Amino acid sequence: MKEDIFPQGSAWMNGEFINISEARIPILDWGFLRSDATYDVVHVWKGQFFRLDEHIDRFFESTKSLRMPCSLERDDLKKILAGCVKHAGLDDAYVEMIQTRGVSKNFQRDPRKANHRFIAFAVPFGWILNPDEFEKGLNVIVSNIRRIPPESVDSKIKNYHWLDLISGMFEAYDSNVDSVILVDEGNNISEGPGFNIFCVDASGLNTPDKGVLEGVTRQTVLDLAEEIKLPVNLKPISIDMLNDSIEVFATSTAGGIMPITKINNQLVGNGTPGKVTRQIHKSYWDLHVNSRWTQSVNDLV
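Cut-offs applied
Each residue is numbered by its place in its chain's sequence as written, counting from 1. Owing to the predicted nature of the model, reporting of local features is limited to residues with pLDDT of at least 70; listing and counting of side-chain atom pairs is limited to 80 or more, with chain, interface and lining totals taken over all residues. Excluded from the side-chain calculation are hydrogens and water; included are all heavy atoms of the structure. Put simply, DSSP marks the helices as runs of H or I at least four residues long and the strands as runs of E at least two long, and each gets a number from the N terminus on. Note on exposure labels: buried denotes an accessible area under 20% of the residue type's maximum, exposed denotes more than 50%, and partly exposed covers the range between, all computed with a 1.4 Å probe on protein chains only. Only heavy atoms matter for contacts: two residues are in contact if any of them lie within 4.5 Å across the pair. Note on areas: Shrake-Rupley with a 1.4 Å probe; residue coverage comes only from the protein chains shown. For the charge count, each Lys or Arg is scored as positive and each Asp or Glu as negative, with His and the chain ends excluded. Each charge is placed at NZ for Lys, CZ for Arg, CG for Asp and CD for Glu. The salt bridge definition used is simple: a Lys or Arg side-chain nitrogen within 4 Å of an Asp or Glu carboxyl oxygen. N or O atoms within 3.5 Å of each other form a polar contact, as long as, within protein, one can give a hydrogen and the other can take it, and as long as residues adjacent in sequence are counted only when both atoms are side-chain atoms. For this analysis, a nonpolar core means a set of buried residues of the types Ala, Val, Leu, Ile, Met, Phe, Trp, Tyr and Cys, connected via side-chain atoms within 4.5 Å. Each pair of aromatic rings taken from Phe, Tyr and Trp, with Trp reduced to its six-membered ring, is defined by centres within 6.5 Å and is described as stacked if the planes are under 30 degrees apart, edge-to-face if over 60, and tilted in the remaining cases. Definition used: whenever NZ (Lys) or CZ (Arg) falls within 6 Å of the ring centre and also within 35 degrees of the ring normal, the charge is taken to sit over that ring. Strands were regarded as paired on the criterion that DSSP finds at least two bridges between them. Between the N-to-C directions of two axes lies an angle of 0 to 180 degrees, each axis being a line fitted to C-alpha atoms and, for a helix, fitted only over the stretch in contact. Disulfide: a pair of cysteine sulfur atoms within 2.5 Å of each other. Oblique is the label for any angle not covered by the other classes, which are roughly parallel (under 35 degrees), roughly antiparallel (over 145) and roughly perpendicular (65 to 115).

Novice: Would you mind showing me how to read the overall build of the protein chain here?
Specialist: Helix and strand counts for the protein chain stand at 8 helices and 15 strands. Structurally, the protein chain occupies a C-alpha span of about 55 × 40 × 40 Å along its principal axes. Counting every position in the protein chain, which comprises 301 residues, the buried fraction comes to 51%. Here the analysis covers contacts within the protein chain between residues at least 6 apart in sequence; of these, 69% occur between residues at least 24 apart. For the protein chain, the accessible area works out to roughly 14,800 Å², and carbon and sulfur atoms hold 49% of it. Put simply, the protein chain has 32 plus and 41 minus side-chain charges, and the middle of one group is 4 Å from the middle of the other.

Here it is in structure tokens:
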């Protein structure tokens, strides 16, 4: 396999650090065959992990909820994640921790018989919206595709059940726009591929209250809104409510706070990032130099 198809990066598997191009899982791993896995993504910015403990908390809770609790101690997990960043030689990184159900002896169909597998890797930081396109913002569509309901797959557990999201992404690309927002069973706004949605109206800041991943960046926005005394409403967001909003933005580890300036070929507000979006965007990145919110890669290795 040609190595140049891979980004700069490093992985941790089977007790050792390896080049990202060498990372493999067996074909009989339940994570590959059944999407029986959970993961979490934390980012490193200028050598500092952002909200690392919150990501690890969610990862531990997800593995526990899936009845395959992670056997690593928190400090050991931190050393592995930091080691991936150091071995990759990155200052700004996308760092993923994964646990699969693993492989069961003789391919038994009982998931209780599988031996769990932990994997981690670091690659260069990636953006849903590049910083030089902030003023332009994201151009998205709202799809009729329903997000997998939380009654089927718990939306609080970060998972690889993305076929609905990927179908929506193809719909977006076929429409020559940047990305897509899916709806829930009630035809209310759900989430996009790897991002949560916020909208702003006269009542304040609004975001869906259920059926979505409770993202760490989403929570950071809620924390910042409390600091600046901006009212927040966690409630169902109808398509009409979204269309009537004066500002809309997406939140993700892969880019932070990202303005959405066009939805279904209609401008949001005047088609540029709004005042609230700009304020939260600035505050979010200011936190990256605040020791209360960050941990140094070098201190963890």
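That shown, we press on.
Novice: Looking at this model, I keep getting lost on the side chain of Lys158. Mind explaining?
Specialist: When you line up the elements, Lys158 lands in the loop between β7 (138-146) and α4 (163-174). Buried charged residue Lys158 carries no salt bridge. Nearest counter-charge: Asp40, at 5.8 Å. If we ignore the near neighbours within four places in the chain, the residues touching Lys158 are Ala37, Thr38, Tyr39, Asp40, Val41, Arg58, Ser62 and Leu213.

Novice: How do you make sense of the side chain of Thr217 when you look at a structure like this?
Specialist: Checked against the element boundaries, Thr217 lands in helix α5 (residues 216-227). Since its relative accessible area comes to 4%, Thr217 is described here as buried. From its side chain, Thr217 meets the backbone oxygen of Ser252 in a polar contact 3.5 Å long. Beyond its immediate sequence surroundings of up to four residues, Thr217 is in contact with Thr251, Ser252, Thr253, Gly256, Ile257 and Tyr284.

Novice: Please clarify how the nonpolar core should be interpreted in this entry.
Specialist: A general feature of soluble globular proteins is that nonpolar side chains tend to end up buried together. Residues Phe49, Leu81, Val85, Val95, Met97 and Phe118 are the most contacted members of the largest nonpolar core, which totals 24 residues. Where this core is concerned, the elements lending two or more residues are β3 (37-45), α2 (52-65), α3 (74-88), β5 (93-104), β6 (114-124) and α8 (297-300). Once you skip the residues sitting within four places of it in the chain, Val85 turns out to touch Val44, Phe49, Leu90, Ala93, Val95, Ala122 and Val297.

Novice: Looking at this structure, how should I read the packing of aromatic side chains?
Specialist: Aromatic ring pairs: the centre-centre distance and the angle between the two ring planes describe each pair. Within this structure, the stated rule accounts for 14 aromatic pairs. When the centroid spacing of 4.3 Å and the interplanar angle of 5° are considered together, the rings of Tyr39 and Tyr160 count as stacked. Here Tyr39, found in strand β3, pairs with Tyr160, found in the loop between β7 and α4; they are 121 residues apart in sequence, far enough to count as distant. The exposure class assigned to Tyr39 is buried, which follows from its relative accessible area of 6%. Ring geometry for Tyr284 and Trp285: centres 5.2 Å apart, planes at 85°, overall edge-to-face. The burial state of Tyr284 is the same as that of Trp285; both residues are buried. Through a chain of ring-to-ring contacts, the aromatic side chains of Trp45, Phe50, Phe125, Trp127, Tyr284, Trp285 and Trp293 assemble into a single cluster. Of note, Arg34 hangs over the ring of Trp30, and the distance from its end group to the ring centre comes to 5.5 Å.

Novice: What exactly am I supposed to notice about the sheet that holds strand β15 (residues 294-296) here?
Specialist: Strand order in the open sheet made by the 7 strands is β2-β1-β6-β5-β3-β4-β15, with antiparallel pairing throughout. Since the sheet does not close on itself, it has two edges, and those belong to β2 (16-19) and β15, each with one partner. Adjacent strand axes in the sheet meet at a mean angle of 30°, parallel and antiparallel pairs treated alike. Direction of pairing for β3 relative to strand β4 (residues 48-50): antiparallel, over a ladder of 2 bridges. Looking across to β4, one finds that Trp45 is bridged to Gln48. Sitting on the sheet, α2 touches β3, β4, β5, β6 and β15, and the angle it makes with β3 is about 175°.

Novice: Can you walk me through the state of the cysteines in this structure?
Specialist: One covalent bond between the sulfur atoms of two cysteine residues makes up a disulfide. Considering all chains together, one arrives at 0 disulfides under this definition. Free cysteine: Cys70, not disulfide-bonded; nearest cysteine sulfur from Cys84 at 13 Å.

Novice: It is not clear to me how the packing of α5 against helix α7 (residues 275-286) should be interpreted in this structure. Could you clarify?
Specialist: Between two packed helices, what matters for the description is the angle formed by their axes and the separation of those axes. Between α5 and α7, whose axes approach to 10 Å, the crossing angle comes to 110°. The orientation of α5 with respect to α7, classified from their angle, is roughly perpendicular. Residues Thr217, Thr220, Val221 and Leu224 of α5 lie in contact with α7, whose contacting residues are Ile280, Ser283 and Tyr284.

Novice: Can you walk me through the pattern of salt bridges in this structure?
Specialist: Working definition: two side chains of opposite charge can pair if their charged atoms are close together. The final tally for this structure, using the stated rule, is 13 salt bridges. One salt bridge connects Arg74 with Asp53, and the closest N-O pair in it is separated by 2.9 Å. Of the two residues, Arg74 is situated in helix α3 and Asp53 in helix α2; the sequence distance between them amounts to 21 residues. By relative accessible area, Arg74 is classed as partly exposed at 26%.

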